[in-house]
Amino acid sequence: MLTLTNSSALLAFLGLLVPLAIHLWNRRPGREVAVGSLRWLAAGANRRLRNLRLEQLWLLLLRAAVLAVLAVALAGPAWRQVRPAGRGQVLVSPTLADGSSLAAVRPTLDSLRRRGYQLRWLAAGLPPLTATEWQRDSLGRPVAIALADNHYWARLQQAADSFPGQPLYAVTPAALRGFGGAHPALPANLTWQTIPARTATNWLQAANASADSLRLLLGHSDEKQTTFRTVRVVRPRPGASVAVAGLPPLRYETTAGGARLRPVAADSGRAQAAVPVVDGPLRVYLYATAGYADDARYLRAALRAAATGLARPLALTVSPTPPDPAQAADWLFWLSDSPVPAAWRARVPRGLHLWQEAAGPGIADTATLATIETADAAPIRILRRSQKPIGGQIRWADGRGRAVLSETPQAAGAVYQLATRLNPAWSKLGDSPELPALLLNLLAPETRLGVDSALTAHDQRRLDLAQLPAQAVRVANVAAAPPVAYRFVDLRPWLVLLVAVLFGLERWLALRRSASTSSLSA
């Protein structure tokens, strides 16, 4: 079936009026006839003007055909053919490769395989899952393929583009960690089955050492939430094990880079990623002048709330007196219009983290904070911001993409610049219950959700099924006829070739007529 991709281009057919007008008005001059009176010659000319008629009909038709074919080519003609329906694709998340989670849906997937569906991994490139791999998986052994891709939205969009018209059957965990990114419009021929984990995980997130004990930050995640708690254990000798309820044995190791705790799997004895043990408390100095008293009050409360998620105890000092540069500190919150002393700035590359807020009167603003931590919270309004632009990497941004908090790394330390203030006249950050979580991601970057691989891997929170498309939660009939898909063959190259042939014929005929006219005139 012929179809046009740009039917409005058919208006180019109006160009056919051009050769018609040329042939009507550009007639050959009449022959000169010797007569005895000019009266008869003028009468013959008048009769000629009144008797307009087409001449050189074949030349006119060729020129009109050239314009008509060009007009059709501009309309983008294509020949539409029904694409044969594909067998269908079963897309399995690599996180289900251990086989234990697929027990409930294995009969369904085996039935689809017998009906011709092809099994593929829901990962980059959608690689096929071979029969050998599927058989090994059915025995409960790990599949020999390193695929750890949880970007389900993007992968399903890729599958829909790669297999148009084919029914898709996706099997993924229901864990929230796999549903990041934008939500594209998915095809109606998709059946999406989520498998709940029904398990909770416990892991060691961070560790802190004192003289005779270890302070461990333990994470726990289930379908509803992820929480943290701290426990204290006796500091063991190097090479000894630490026993914590709910965790595999932890081997205490000391190296040139410092001490660390390495979880050891009880079933295989295979070593896992080690967690470094940090010595001493987190030393924070908060200096605030009288004009920043309200900012200091909000910041002090938020820091103390964030300390519950730290493995290291918080040693917080709040003072209106500038700190001595010789004083030991991991963080310096400088709430003052005066510049930071050069001695403190010199300590940033050696590991100091320096925080500064906006100085001066600022300018009015109407933005809201837009971060991962505040995505589901009440909007945090920014009422005023600094007149000077801030540089560095954006850590917090507003809804317009402008930096609210920037980070400028300097060797082991960093400088943080807040484009606003915690004062209620400047922003609603101080009143927001999300501020401790925002500060925790700065004080303890190892607990960042979505950035730290350990925390993301253990996150068991379940996605609300209401966020999935309707076809993802319905009981779909995968044997139903798939939607019709078409294959389009572009006809424009053939039309361009036809135009070239017609134009060649037109030139040949026009030159032939011109030569004939010249011979008659001679």
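Higher on the page you've got the structure.
Procedures and definitions
Residues numbered from 1 in each chain as written. Predicted model: local features only at pLDDT ≥ 70, side-chain atom pairs only at ≥ 80, totals over all residues. Heavy atoms only, no water. Helix = DSSP H or I, 4+ residues; strand = E, 2+ residues; numbered from the N terminus. Expected span 1.5 Å × (residues − 1). Buried < 20%, exposed > 50% of the residue type's maximum accessible area, 1.4 Å probe, protein only. Arc of directions from axis to C-beta. Pairing = 2+ DSSP bridges. Axes fitted to C-alpha atoms, helices over the stretch in contact; angles between N-to-C directions. Contact = heavy atoms within 4.5 Å. Parallel < 35°, antiparallel > 145°, perpendicular 65-115°, else oblique. Left-handed = near helix turned anticlockwise from the far one by under 90°.

Enquirer: When you look at helix 7 (residues 293-306) in this model, what are you seeing that I'm missing?
Expert: If you check helix 7, its first and last C-alpha atoms are 20 Å apart, about what 14 residues at 1.5 Å a residue would give, namely 20 Å. For helix 7, the set of buried residues is Asp295, Ala296, Tyr298, Leu299, Ala302, Leu303 and Ala306. On an axial view of helix 7, the arc spanned by its buried residues comes to 165°, and they lie on one face.

Enquirer: Looking at this structure, how should I read the sheet that holds strand 14 (residues 282-288)?
Expert: Strand pairing in a sheet relies on backbone hydrogen bonds. The paired strands run either parallel or antiparallel. Pairing within the open sheet is mixed, and its nine strands lie in the order 15-14-16-17-22-21-20-18-19. The two strands at the open ends of the sheet, each matched to only one other strand, are strand 15 (314-319) and strand 19 (381-385). The average angle at which neighbouring strand axes cross in this sheet is 25°, direction not considered. Here four bridges tie strand 16 (residues 331-335) to strand 17 (residues 353-356), and the two strands are oriented parallel to one another. Bridge pairing in strand 17 links phenylalanine 333 to tryptophan 355. Contacting strand 14, strand 16, strand 17, strand 18 (363-370), strand 20 (393-398), strand 21 (403-410) and strand 22 (413-418), helix 9 (residues 435-443) runs over the sheet at an angle of about 170° to strand 20.

Enquirer: Help me understand the packing of helix 7 against helix 9 in this model?
Expert: Between two packed helices, both the angle of their axes relative to each other and the distance between the axes serve to describe the pair. For the pair helix 7 and helix 9, interaxial distance at closest approach is 8 Å and the crossing angle is 65°. Between helix 7 and helix 9, the interaxial angle falls into the category roughly perpendicular. Viewed along their axes, helix 7 and helix 9 form a crossing whose handedness is right-handed. Residues Leu299, Ala302, Leu303, Ala305 and Ala306 of helix 7 lie in contact with helix 9, whose contacting residues are Leu435, Pro436, Leu439, Leu440 and Leu443.

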